[in-house]
Amino acid sequence: MEAVVFFVSAAAVLIGALGVISGRNPVHSALFLLLTLASVAVLYLQQHAALVAAIQIVVYASAIVVLFLFVITLLGVDKHEPRDDAHPIQRVTAIVLGVLVLVGILVLVHGNRWVTGAHSSRGVLGAPASGNVETLSKSLFTDFVWAFEMTAVLLVIAVVGSVVLARRSGHRAQVASDGDDASSESTGSESERSTA
Amino acid sequence: MHARNLLDLAWLIPAFPAFGAVLLLVFGKRIGEPRAGWIGTAMIALSFVASVIAFLALRSLSPDLRSNVSQGFTWIQAGTFRVDMRFLVDPLSSTMTLFVTGVGTLIHLYAIGYMHGDSRFSRFFAYLNLFAASMLVLVLGSSFLMTFMGWEGVGLCSYLLISFWFERNSAAVAGKKAFVTNRVGDFGFMLAMFLIFQRLGTLDYSALGSTGHVPSTIASLPHSSVTAIALLLFLGAMGKSAQVPLHIWLPDAMEGPTPVSALIHAATMVTAGVFLLVRAHVFFDFAPHAGTVVAWVGAITALYAASVALVQNDIKRVLAYSTISQLGYMFLAIGVGAYSAAIFHMVTHAFFKALLFLGAGSVIHGMHDEQDMRRMGGLKKYMPITAGTFIVGWLAISGIIPFAGFWSKDEILAKAWFSHNYALWAVGAGAALITAFYMTRQVWLVFYGPERFRDDAVLVQGGGDAHEADEVHPGEVHGGAEPHESPWTMYFPLVALALLSVVGGFIDLPFTNHKINVLDRWLDLPESHQATSFGAGLILSTVALTIGVIGIVWGVSIYRRGLRRGGVDPTVERLGGFAGVLQNAWYLDIGLAHFVGGPVTSFARFLSEGVDRAGIDGAVNGIATAARGGSGGLRRLQTGLVRNYALGIALGTVLLLLYVATRVTF
Amino acid sequence: MSALSYPDHITATYYLILGAMLFTIGAVGLLIRKNTLVMFMCIELMLNAANLTFVSYSKALNDISGQVIVFFTLVVAAAEVAVGLAIIIAIFRRRQSVNADDVDLLKG
């Protein structure tokens, strides 16, 4: 049973990944991404990482993918992207490198026991059935409390940053919106300078 | 000690003319003629007084202490290399300062009259003073480098003064020629200095020791080094003192005003080379082969220049070649080790050569700028004082007793004989004979015989001078004023120099056992070969005197009636085709010009275009081109596309990963 | 019933292999695609692969730290997506394009 779940989820992950990279339409890529993320959540669950799975669904699978879709439709770039071959070497090399990376990682994984030394005693996983919310949160708020607070700060910075980056420059908003598509050098550079 | 305190003030000797030069350069126009001339003369006269005081102070010291280096300041201090600006007063430099300033004062006085009416009068005296200051620094310097400073200074002043009348193209060219030829010699001097510093560690004259005390540093030098130093110093001297083949500038230097010729090209600057070699005589003591070279170059120069002087028609050119010839004698003396004889001849030569030049200048002045001897004649009755003093100079240079030239020239020839260099003696004697002859020719053509300047249109026959003075105006004399004697400012120095030419020889009479060889003992230079016996010396002196007399008699007999009909020079007629060779100075100058203009220029062009432009520039530009090409290829990596850069990162990561994988696995 | 036999126990190795393959696909996609939004999505794939590996090890080593790291990675990824998309929007405003190939002013 365990194997079946694993293989089905693994297949879904890989299909989704391949769909992301080969989707002509970015909307398709986003939907395939959703598939991958959801399957990864299932895999988390299978490894008894319940909280992480839940957070994955909430943050990744919903918020982030929705954000992607918003931007795609907002920018109106849900069109096919032209396939150009100005640098054919890029494609070939990328695939070759991909294969090499895979081989390399597999070699490393297979041939070695990476585990050396004593195990950390930060937090022992609890019994599988009880879920690990308690263990995770206990570890998070005691051993890693600093990092936790830092991530809060990071989120604030990210919010402020994204607001600053994405807004149009102040009083020129009305004037710029007329000539925005025509986008003359001076006003364009003006907005660039003030947002930078 | 009292004397030493006085000697420490030796810096005043060059300071007076230096101050004069600055004063006249800055305020010359305002001071104007003739006060500028008097100021210049006064400055050098003060320098002369200072020299006399220094001389007396030095004399009061005992012989082995007669050397004082004044306090100065350190000019260069770089690691172990140290050069001080100090002045060395010892018998040699004291003697030099005495006659440089003494003769210099007389010439300055003379120039006041000679340069009368010139538009750049005060500039002239500024340059003269500057020259005097440089020459005194040269002589009084306490190290080779200070002497070199003065050396360059006199070279500069020589250039400035030769091309003083630079409106004349020939004068400007002559100035440049003098400077460039000097430079060739300076090259030798500099190389010698480098070698000296490398071997001895210092450029100071104190490293050269004194007579009887040779420092071990020099005694232990390898023979090749000493010879090299000696020969390189001689190369420098050759440039300054116009020895063959670097003599070519001196005849052309006659373009300058006559006081310049007298001061610089007769009495002082050209003797700088002699001074240098005597100062550095310790090297020649240890390098007899170098001495042989010097002696032979000197002898050949003496003979060569005398032969050329034989057929020159310009009054100053004869004297120029005569100077070259007499300088050859001095180098002959140095070559055989007779250093004090060389200095003695230098001093007497200063007297009579300056006298002859100033006399020639007086003649030129009196003849309204006529310089060609074929248009003179019979001037004795118009310019008696000039003629009288000139005759004194003539007798001195021809070596007639008791005039100064006899004693000094005789001593050189005697030293040559007694050092077993009989061939050198023969060459020297031959040159003496020709000297007496051509000087007699000059005297007779100028002062005796018919007054050719009254002839109409004297045609020039049998080839002219290679370089005719530009100021010849054929029709000028008839209709122009008569020749006249010069003002007192000009003939007073003539008289003074004539007196010196008479009595000057007595400072070094060759009678050692009666202690009358004053100069010899004063200079305290290494003794060279003495006469084997009094009788042998007497015979040689008589021979020398006879040679001089023969030359004179022969000259008088040929030139008694002046030139032949049609203005033909008897000597030129007799020599026939060979006269052309002599008149063109054995084609040395012309040959050198062709050589430099031809092969040397081609070689220089090859170096400039072939080696420099194509080779070196090509290599440097080639590096730049290669860099551009290389970067042109590399810039194709910069596609501007982020994904290409990401590919690069991925590539690097993969390589690292594979490296780790293989290392860890195997 | 079938000739194939399922493995009874899914060991950590399987998850690691899966993670490797997911990571590779994400990396290749990042290098191949030109649409910046899709490139961004590929980055998310890579992050997920890393998270998967962390969780696998956490289980294998019996240590909660792996999941804590995943937690933080999720937070950072979220922040990164927000800022990244804001940048893409800002660039779009200027250039009317999300094609990465159009941003080549650094071309030498």
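These figures come from a predicted structure and were not determined experimentally.

Q: If you had to explain the overall build of chain C to someone new, which residues and values would you point to?
A: Each helix and strand in chain C was counted, giving 3 helices and 0 strands. Element order for chain C, N to C, with α for helix and β for strand: α-α-α. A total of 108 residues make up chain C; the buried ones form 56% of that total. Counting only contacts in chain C whose residues sit at least 6 apart along the sequence, the fraction spanning at least 24 positions is 56%. For chain C, the accessible surface area stands at approximately 4,300 Å², while carbon and sulfur atoms represent 68% of it.

Q: I'd like a rundown of the interface of chain C and chain A, residues and numbers included.
A: In this complex, chain C contributes 70 residues to the contact, which on the side of chain A involves 84 residues. Taken over both partners, the interface formed by chain C and chain A buries close to 7,200 Å², and the fraction arising from carbon and sulfur atoms is 74%. Our enumeration of links across chain C and chain A arrives at 0 salt bridges. Run the count over chain C and chain A and you get 7 residue pairs in polar contact (both at pLDDT 80 or more). Within the residue set of the side of chain C that touches chain A, elements represented by two or more residues are α1 (12-32), α2 (36-61) and α3 (65-95) of chain C. Residue classes in the side of chain C that touches chain A are distributed as 49 nonpolar, 12 polar and 9 charged.

Q: Account for the packing of α1(C) against α2(C), naming residues and giving values.
A: All names here are of chain C. Packing of α1 against α2 leaves a shortest axis separation of 8 Å and a crossing angle of 165°. Considering the angle they form, α1 stands roughly antiparallel to α2. Helix-helix and strand crossings are classified by hand; for α1 and α2 the assignment is left-handed. Residue-level inspection shows Ala12, Tyr15, Leu16, Leu18, Gly19, Leu22, Phe23, Gly26, Ala27, Gly29 and Leu30 of α1 in contact with α2, the latter providing Met39, Cys42, Ile43, Leu45, Met46, Asn48, Ala49, Leu52, Thr53, Ser56, Tyr57 and Ala60.

Q: Could you give an account of unusual backbone geometry, with specific residues and numbers?
A: Residues and elements named next belong to chain B. For the bond running from valine 244 to proline 245, omega is 0°, close enough to zero to count as cis. Along the chain, proline 245 falls in the loop between α9 (223-240) and α10 (249-252). With a phi close to 55°, histidine 368 is a non-glycine residue in the positive phi region. The residue histidine 368 is located in the loop between α16 (339-366) and α17 (384-398) in this model.

Q: Could you give an account of the confidence of the model for chain A, with specific residues and numbers?
A: All names here are of chain A. Averaged over every residue, the pLDDT of chain A is 79; residues scoring 70 or more account for 71%. Element-level pLDDT for chain A is lowest in helix α8 (residues 185-195), with a mean of 44, against a maximum mean of 94 in helix α2 (residues 26-46). Counted against residues more than four places away or in other chains, residues 179-196, with its pLDDT under 50, gives 13 contacts.

Rules used throughout
- Residues numbered from 1 in each chain as written.
- Chains lettered and ligands numbered in written order.
- Predicted model: local features only at pLDDT ≥ 70, side-chain atom pairs only at ≥ 80, totals over all residues.
- Heavy atoms only, no water.
- Helix = DSSP H or I, 4+ residues; strand = E, 2+ residues; numbered from the N terminus.
- Buried < 20%, exposed > 50% of the residue type's maximum accessible area, 1.4 Å probe, protein only.
- Contact = heavy atoms within 4.5 Å.
- Areas by Shrake-Rupley, 256 points an atom, 1.4 Å probe, with all protein chains shown as cover.
- Buried area = accessible area lost by both parts, 1.4 Å probe.
- Salt bridge = Lys/Arg side-chain N within 4 Å of Asp/Glu carboxyl O.
- Polar contact = N/O pair within 3.5 Å; in protein donor to acceptor, adjacent residues only side chain to side chain.
- Nonpolar A, V, L, I, M, F, W, Y, C, P; charged D, E, K, R; others polar.
- Axes fitted to C-alpha atoms, helices over the stretch in contact; angles between N-to-C directions.
- Parallel < 35°, antiparallel > 145°, perpendicular 65-115°, else oblique.
- Left-handed = near helix turned anticlockwise from the far one by under 90°.
- pLDDT = per-residue confidence, 0-100.

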